[in-house]
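# Survey of secondary and tertiary structure
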Amino acid sequence: MLASCASEPPARYEVLRLSGTPYQRGLQHGKKLSSKIKSFYTTMLATSLLPYLNRERAGIAAYLTSYAGEAYGNGQFSLKLLRESAVELEKSIPQRYLDEMHGVADGSGVPYIDVLVLNTFFDSVLGARAITYFLQQMDAPQLKVVEVLAPILLSDGIDNNSDGKTDESGEGRLDPYQSSATASLVGIPLDAHFRFVLQNPQGVDAKSVRVMLGTQLFTAGSPALTLTAIGPPGEQSQTVLQVDLVPPTPLPAAAPVSMSVQASGIKIITDTPPDHPRTLRNEQMTFGTAGLVSQTFELVNRGVQDSRTQPPSIGFALRGTATKNGKPLLAHHFSLLDAGTSHKHTVIQIHHPESGPDFMFPGWAGIVWGLSGINAQGVSFAVNMSDTLNNPLVGRVKAALFDPDVGLEGARLLSSGLPVGFVGRTVLENAKTSAEAQAQIQAAAQTFGWMYLVADKAGDIVLVETNSNILGALDAPASYTPDPDQAGNTDSHGRPWASVGPDDLRMSVQFRKLADDLTLNLVAFKLKPQRFWTSYFFTANRAFATLGDAISANYGQFDIQRAITVLRQDGLYDHNDSMNAAIYEPATRTMRAATGLVPATAAPFDAFQLAAPEAK
Amino acid sequence: MKLRPWLAVLLASLWSQSALAGNTTTLPAGTFVLDQAYINAVTDVRWDDNRKARGLIEGIQRYEPGGGLQGTITVKPHVLYEFQVSQLFYGVTDNLTLAIGVPVVTRSYIDAHLGWVSGDYQSGLGRSYSEQDFWQWAKSMGQKKPGAFDGNHNTLADIVLGGRYKLPNALWMEKSGLVAAIAAQVALPTGKDPDPEELVATGTTAWDLNNYGDAELHFALERPFHYQGVVRANVGIDMYYGYFRPRTYQTPRGTKNPLLMTYSPYVGDTYTIDPGDLIAGSVLVEVAPLLGPTWATWLAGGKLEKAERFPPLLQVSAGFTYAHVGQSTWRSQSALWNWDREKLFLPGDKDTVKLNADISLLRMGLPLQLYTAYRNQEWVPGRNIRASNSLAFGARLILKFW
């Protein structure tokens, strides 16, 4: 070819305008994006997610022995797991969506089961990931005790741990230590020393200890750090390791002090390559030095931005006094799983169904839903995950344990409920108001922990926190609005769950109202709320606080550009796993989507508008 | 006639028995020349769109699903080709010479120089992936670390057929001392494609060698300078068009590299490359600094005056070629996949410096010429091409049966 003109890169994203019956829309989708659907399935699942999931087989099969069978060998574990879970989830998916997925399959030439897996793997994987990560953390060294060594704590007249008692014995000792979204202790002196007790039955690797004080790193060998094996005498001595830190300089006065602790076990795990020890997540805590605040809950355990973690997904809804024109606005940036390929397969889907309102959302090739969207009735939503063990997979294990015919060896990691994307589709196809959307979300059986943020054209904004309610303890998912006068909208200290003012709501990926999402003793396992184990907890806490600051700083000035600026703010977007960002204006049925790049917020926010319902 | 690239340097000096190593020379009628050469070609560098030197292959980023960047497999291949090239030329008339070139790759060797740049911290692992971590995990998934490629032993490349026709001199050309010729060549598809499943491999076709087209058409104009009946200097230009035919390949299915080369599910069973064609222009300067001893040997029929018309003992030349290379286009079921490759083959240019030296023993009674040729594509930065440098040594035997 002689042409001197260069090839052009493919469009940053596709735009699908789909009309007709669900099957017809699926068929149009499949025909137009056949190649991209195949590409997305191969690059996201076949050569990325499935191989990575396969390595978890050994760890899972150690407990759920049915997965040790030959049928799950030869690299088939993850594919089989996702297919079985997809078939189980299919039972809860309304027929119209099944028809649409059949249309996608027929149009693209991709087998239906693969289309089904593409549309359900998100729900299946998150549940399995939560379980495997929890098991790994249980096997890792545990931070049992945190102690601030300062005699004055017993006589300073301050309730340092906010337990309602002042200067009681052991006031500076957190035993057992518990992860917290807020400060662990306040009113500590500037010359305080710190002690951490780590425990692991197989031993704690002293060389792996890593303590950070602010941005200052201390490791084994640092003069400020003293490591002492205090386990039972002999070989067991390393099962308990005491770590003492004497900060080389005084702590800052009347300021938050951020610390984090990390350590690995001695035992090397060899059945899930690469060989590695189990490692305690970067356990992060905050202390307030004297004069800063008087209660622990007044100080957020924000930590410091580090190079080891990325911010998670965020979303915020604004209205009234928060926006420049008083009109509602919902912004969302979803990050989780780009894996170098999602952004290449993004699709703006605009549906014109035969009945019901038109709707649109940013999504991906072969997937019939998005994680945010808007309909012609002026209802918009965005959803984030919230890591939880209160999910159907744990529910099935629990049920199997109490079924003598099944037992642990017969328990299966199958998801159930309505996959989150289809919950979103239900909202887009039916809701005329935020209240209706809320009711539809609450009526759905949930596949995992989710946080739905909803805004409508009237300016009603609501946040719904859900999990799979496997204990039946929830009468309804937790929901709240910014209104502090309305029951259920404030925490035990009378503060709004997720608002900095009267007209805003925000979310990251950690529960606020549902923070105690699950506590359950399941044979040898003590299942705990998310804050005790999930790798997202501390980054979510930091992003939530940072976002709150950004909203405060722009209160009353928010317009599209300000919202974009916040979404692009450093510390609020993931550099690697950003998937898409969108801003919705319910009053004008407008979506501005940034997609097709990593991070998505680096792309322009392109506008799409739905016609008013009466124009249809 | 002009054959690219390695054949070219040989042929350029081949015709020097009656003039210098220009692009307009033809053999005397009834003359055969048998040429045998060894060529060593090395490729380390790819010029990018900004004329910056890069490795031949882009790094491969691997991601931990939900965990960000696992790391980047860096690849800095060193590619070595060794050839034996046999060429036979025949002067049909004094103005028309035909030729056949049979290149045989005696060895291709690629050391991928795989490296690793760690990515994000992985909380599940307690550290970032090291190179050892990655390959240990990959191996457990059936993905071995690609090793060096050592293949194409004594494998035929694309055979080249060609001819050069010296144009009749127009009056103005005679007055100005100019000589013109046209040449054409075609490459027969006798080379071997690389194994599609190998990450590090190469073939022996014209596209793999990426230096001479499947078909080329040349026009050359030169001005030789005579001194005492012998051409002692020559300057010339050569303009040519090189055409590459589209070729279809099997798409990797991941049988050997399941993590890195599973493409067929979305690319299709086969894909087609339509390589970018070449439009080039060369300038050449040759001098013969040393005539050498001239004897009235059997080769000159015992006549000194005839021997004195033989080529000088030593001829050296320097040339520069600018070649515009068109966009290479991939065609498959996946526009995304196509673009990932096409972006490395955007329109660009090759800038080649050539240095030759010939020793002719004709004046001393031996129908033999020895030569060496060096070609470099790194001294002058190119754009969107792979730079190949080569060194050739050869010998020619001149035969005439009359």
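The preceding data block contains the structure.
In this text the structure is predicted, and so the values were computed from the model without any measurement.

## Quick look at the pairing of strand S12 (residues 283-289) of chain A
Residues and elements named next belong to chain A. Extensive coverage of S12 is indicated by the burial of seven of its seven residues. Burial along S12 is two-sided: Glu283, Met285, Phe287 and Thr289 facing one way and Gln284, Thr286 and Gly288 facing the other are all buried. Where strand S4 (residues 185-188) meets S12, three bridges bridge the pair, whose relative direction is parallel. By the bridge assignment for S12, isoleucine 188 is matched with threonine 289. Pairing of strand S10 (residues 256-269) with S12 involves six bridges; the strand directions are antiparallel. The residue of S12 that forms the bridge with proline 256 is glycine 288.

## Topic: the nonpolar core
Residue and element names in this part refer to chain A. Residues Leu45 and Phe121 are the most contacted members of the largest nonpolar core, which totals 97 residues. The biggest single contributor to this core is helix H6 (residues 112-139), with 15 residues. Residues within four places of leucine 45 in sequence aside, it is in contact with Phe40, Leu50, Pro51, Leu82, Val117, Leu118 and Phe121.

## Describing helix H7 (residues 335-342) of chain B
Taken across its eight residues, H7(B) has six buried, putting it largely inside the fold. Residues of H7(B) that are buried: B:Leu336, B:Trp337, B:Asn338, B:Trp339, B:Arg341 and B:Glu342.

## As for unusual backbone geometry
Residue and element names in this part refer to chain A. Put simply, aspartate 175 and proline 176 share a cis peptide bond, and its omega is 5 degrees. In this structure, proline 176 sits in the loop between strand S3 (173-174) and S4. Cis peptide bonds are those with omega within 30 degrees of zero, and the linkage from proline 273 to proline 274 qualifies with 0 degrees. Its location among the elements puts proline 274 in the loop between S10 and strand S11 (276-279). Here the phi dihedral of aspartate 167 falls at roughly 55 degrees; this positive angle occurs in a residue that is not glycine. By the element assignment, aspartate 167 lies in the loop between strand S2 (142-149) and S3. Of note in this structure, asparagine 469 is not a glycine but carries a positive phi near 55 degrees. Secondary-structure assignment places asparagine 469 in the loop between strand S20 (461-466) and strand S21 (478-480). Take asparagine 469: its relative accessible area is 25%, and that puts it in the partly exposed class.

## So, the sheet that holds strand S27 (residues 606-609) of chain A
All names here are of chain A. Here six strands make up an open sheet; going across it, the order is S22-S13-S14-S25-S26-S27 and the pairing antiparallel. Each edge of the open sheet is held by one strand with a lone partner, namely strand S22 (504-507) and S27. With direction set aside, neighbouring strand axes in the sheet form an average angle of 15 degrees. The strands touched by helix H11 (residues 537-553) are strand S13 (314-318) and S22; relative to S22, the strand with the most contacts, the crossing angle is about 155 degrees. Set on the sheet, helix H12 (residues 560-567) makes contact with S13, strand S14 (329-335), strand S25 (578-585) and strand S26 (590-595); between it and S25 the angle comes to about 160 degrees.

## A few points about H12(A)
For an α-helix the count is 3.6 residues per turn, leaving residues at separations of three or four pointing the same way. Residue and element names in this part refer to chain A. Those residues of H12 lying buried are Ile560, Ala563, Ile564, Val566 and Leu567. Seen end-on, H12 carries its buried residues on one side only, within an arc spanning 160 degrees. For H12, the side-chain oxygen to backbone nitrogen distance between the N-cap and glutamine 561 is 3.2 Å, and the N-cap itself is aspartate 559.

Procedures and definitions
- Residues numbered from 1 in each chain as written.
- Chains lettered and ligands numbered in written order.
- Predicted model: local features only at pLDDT ≥ 70, side-chain atom pairs only at ≥ 80, totals over all residues.
- Heavy atoms only, no water.
- Buried < 20%, exposed > 50% of the residue type's maximum accessible area, 1.4 Å probe, protein only.
- Helix = DSSP H or I, 4+ residues; strand = E, 2+ residues; numbered from the N terminus.
- Pairing = 2+ DSSP bridges.
- Core = buried A, V, L, I, M, F, W, Y, C linked by side-chain atoms within 4.5 Å.
- Contact = heavy atoms within 4.5 Å.
- Axes fitted to C-alpha atoms, helices over the stretch in contact; angles between N-to-C directions.
- Arc of directions from axis to C-beta.
- Polar contact = N/O pair within 3.5 Å; in protein donor to acceptor, adjacent residues only side chain to side chain.

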